[in-house]
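# Residue-level structural notes
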Amino acid sequence: MEQQQQLQHFSHPEHPLVFNQDDGSFYRCRGCRELVHGPSYSCKECGVWETRLQKSCAELPLGLHHPLHPIHPLILFSPQTWSENEQFYKCELCKEYKDVYAYRCSRCDFNLHITCASLAPTMFAEFHHHPLTPVWKWITFTCDLCGKEDKGTPYLCHLCDFWIHGRCSIFPQRVKNVRHKHFLHLTHSSLEFHQSDSRFCQICVEKLDTRYGLYYCSECDYVAHLDCCMRFDINLLEFRDEDEVPEPNELIDSAAYQVKKSKVGVDGTQIDTEIKHFSHEHDLKLTDEVLNDQKCNGCARALLGPFYSCSQCGFFLHKSCANLPKTMRLQLLPYPLTLIPTKPGEIFQCFFCKRGCNGFSYYEKVADINLDVQCTLTLASDILTHKGHEHQLFFSTTEYEQTCTSCNSKTHDIFRCTICEFALDIKCATLPHTTRYKQHEHPFTLCYTVEDDSNEYYCDICEEERDPKHWFYYCENCTYPAHPNCILGKYTNIWFGDTYTFGCHPHPLTFIEETEDSHECHDCGDPCKEFILQCVQCNFYIHDKCVWGKKKWF
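Residues numbered from 1 in each chain as written. Predicted model: local features only at pLDDT ≥ 70, side-chain atom pairs only at ≥ 80, totals over all residues. Heavy atoms only, no water.

## Topic: the state of the cysteines
Inclusion rule: By convention in this document, the label disulfide applies to cysteine sulfur atom pairs within 2.5 Å. Burial classes follow relative accessibility: with a 1.4 Å probe on protein chains only, a residue under 20% of its type's maximum area counts as buried, one over 50% as exposed, and anything between as partly exposed.
Summed over the entire model, instances satisfying the criterion amount to zero disulfides. No disulfide involves Cys-313; its sulfur sits 3.4 Å from the nearest other cysteine sulfur, which is in Cys-310. You can call Cys-313 partly exposed: its relative accessible area is 28%.

Right under this line is the structure:
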């Protein structure tokens, strides 16, 4: 019997749809939104992708008697057909709103997507050895895979008495997650675990019930919720076997400088006293000199302890920053990070803490993101040991916002304790343990509990009250407490005062934080309020973003 060559379809009454025997256009079907790979119908007059339908979707019956709604017939409709604006209805089976054709009873407001209404008599899932049969009855059940109680039509394995949601059948047997170096395998029985095991998902750091489905690495005893793992799933085709999975937190190249001079320390170790660092044009010499109100050009933090300095210009590097590896890998990111110095006068936003920084950046080219030095080193492991808490903290990522114990801010990414309710966001986790404040003669130390039992706690800089539950900086010599923001400034990871030469002006320009007078920018004409390059010789002002042609990110 010959195929029907034309079809008058309810979704496109203007013209008939013409049959295409072998459609290789790779448009999406208007009915189910799947890619069209075979026979299809489309309108040759309009030539728009909205009219293209797979043969199976185009020839669906306009009415349907379905066992889930036996009292009334269901009518096929398109979200665009009977309304000027698209209107989506919640499917009673998958519980989702989708831009697909659906069968609907308008009397009862009962809806089934065509992909749910035409479920096959049996279904096979990657993670189960037997066929699963739909139960065409509306019942309350607990899914043996996700562990959630629901009301609907489950799929059942009669041999195993195994019940699951239809939507849970799509979980793959094996995944590669960016948070772990090995492949993870789906298990949905307690064979691997004792039922009383108290386990935590190592992605969200919340309790995980081992009686239901989870992703598991037997080599590392690593477990994760099904949904958490799929949120960080990456393409399996990139990996042929486990030997080719890159090791996370790997220091690929540590040759950041050449040694010019060195000496042997008291303990017999080599001390590099003069180096040529890749980020700077001049040689740098090691010194212990105390410099107030100066910052490291690498991490943009206060200069403490031994550091390298340039005798020809105001360039400084902590000894630890000089030793930073030029390339790193993190568990949280699938591609390597490259250490790069920031261009003069330029500021980037750290992907994780969202703070501005003009120090060194660890750059990830594929996603085009930057991380500051402190965040990169802190996130080198998903386990954090911090002086501010007695237990180990685990890096947690959730879809909902979590609250930091130290500052009360809310974020999706946080370090959490599995023993108590303590949580620490990345900003507080990277606060310096010791720092300096302007011309104050002593260093300040980060404190985690109040300094006395007076019940009255104030900041000696802003003179406003302090929350006794929040961390603060303290000079013990002077009994001088202060808010972290008051000590570190509004822009923790940015240093000001350096002078640069640009093609937009004949004289050197000094990078300053803000001005009270709000001078007019010589490029865009807007007032210069903060992040300004200033020429003191000729009253010239220009925004840093105007020099680089970039928008401010924070």
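## Thoughts on the pairing of strand 42 (residues 509–514)
Note the threshold: For two strands to be treated as a pair, DSSP must find no fewer than two bridges joining them. Think of it this way: any DSSP run of H or I at least four residues long counts as a helix, any run of E at least two long counts as a strand, and we number them from the N terminus.
Pairing of strand 41 (residues 499–500) with strand 42 involves two bridges; the strand directions are antiparallel. Bridge pairing in strand 42 links Thr-499 to Thr-510. Pairing geometry for strand 42 and strand 43 (residues 530–535), over four bridges, is antiparallel. Across the sheet, the residue bridging to Glu-514 is Glu-530, located in strand 43.

## Examining the environment of Tyr-41
Our working definition: Throughout this description, a polar contact denotes any pair of N or O atoms lying within 3.5 Å of each other; where both atoms belong to protein, one of them has to be capable of donating a hydrogen while the other can accept it, and for residues adjacent in sequence the pair is counted only when both atoms sit in side chains.
Residue placement: Tyr-41 occurs in strand 3 (residues 40–42). The spacing of Tyr-41 and Ala-58 is 17 residues in sequence and 6.9 Å in space, taken between C-alpha atoms. Only 3.1 Å separates the side chain of Tyr-41 from the side chain of Glu-59, close enough to count as a polar contact.

## So, the nonpolar core
We count it as follows: Only buried residues count toward a nonpolar core. Its members are Ala, Val, Leu, Ile, Met, Phe, Trp, Tyr and Cys residues joined through side-chain atoms within 4.5 Å. Note on contacts: a residue pair is in contact if any heavy atoms of the two residues lie within 4.5 Å.
If you look at the biggest cluster of nonpolar residues, it comprises 57 residues, and the most contacted ones within it are Leu-317, Leu-371, Leu-379, Phe-415 and Leu-424. Per-element tally for this core: the top contributor is helix 6 (residues 426–429), with three residues. With sequence-adjacent residues up to four places away left out, Leu-317 is seen in contact with His-277, Ser-279, Leu-284, Cys-296, Asn-297, Gly-298, Phe-307, Tyr-308, Ala-322 and Phe-360. Core analysis: the second largest hydrophobic core is formed by 32 residues, Cys-168, Phe-171, Leu-186 and Tyr-216 among them.

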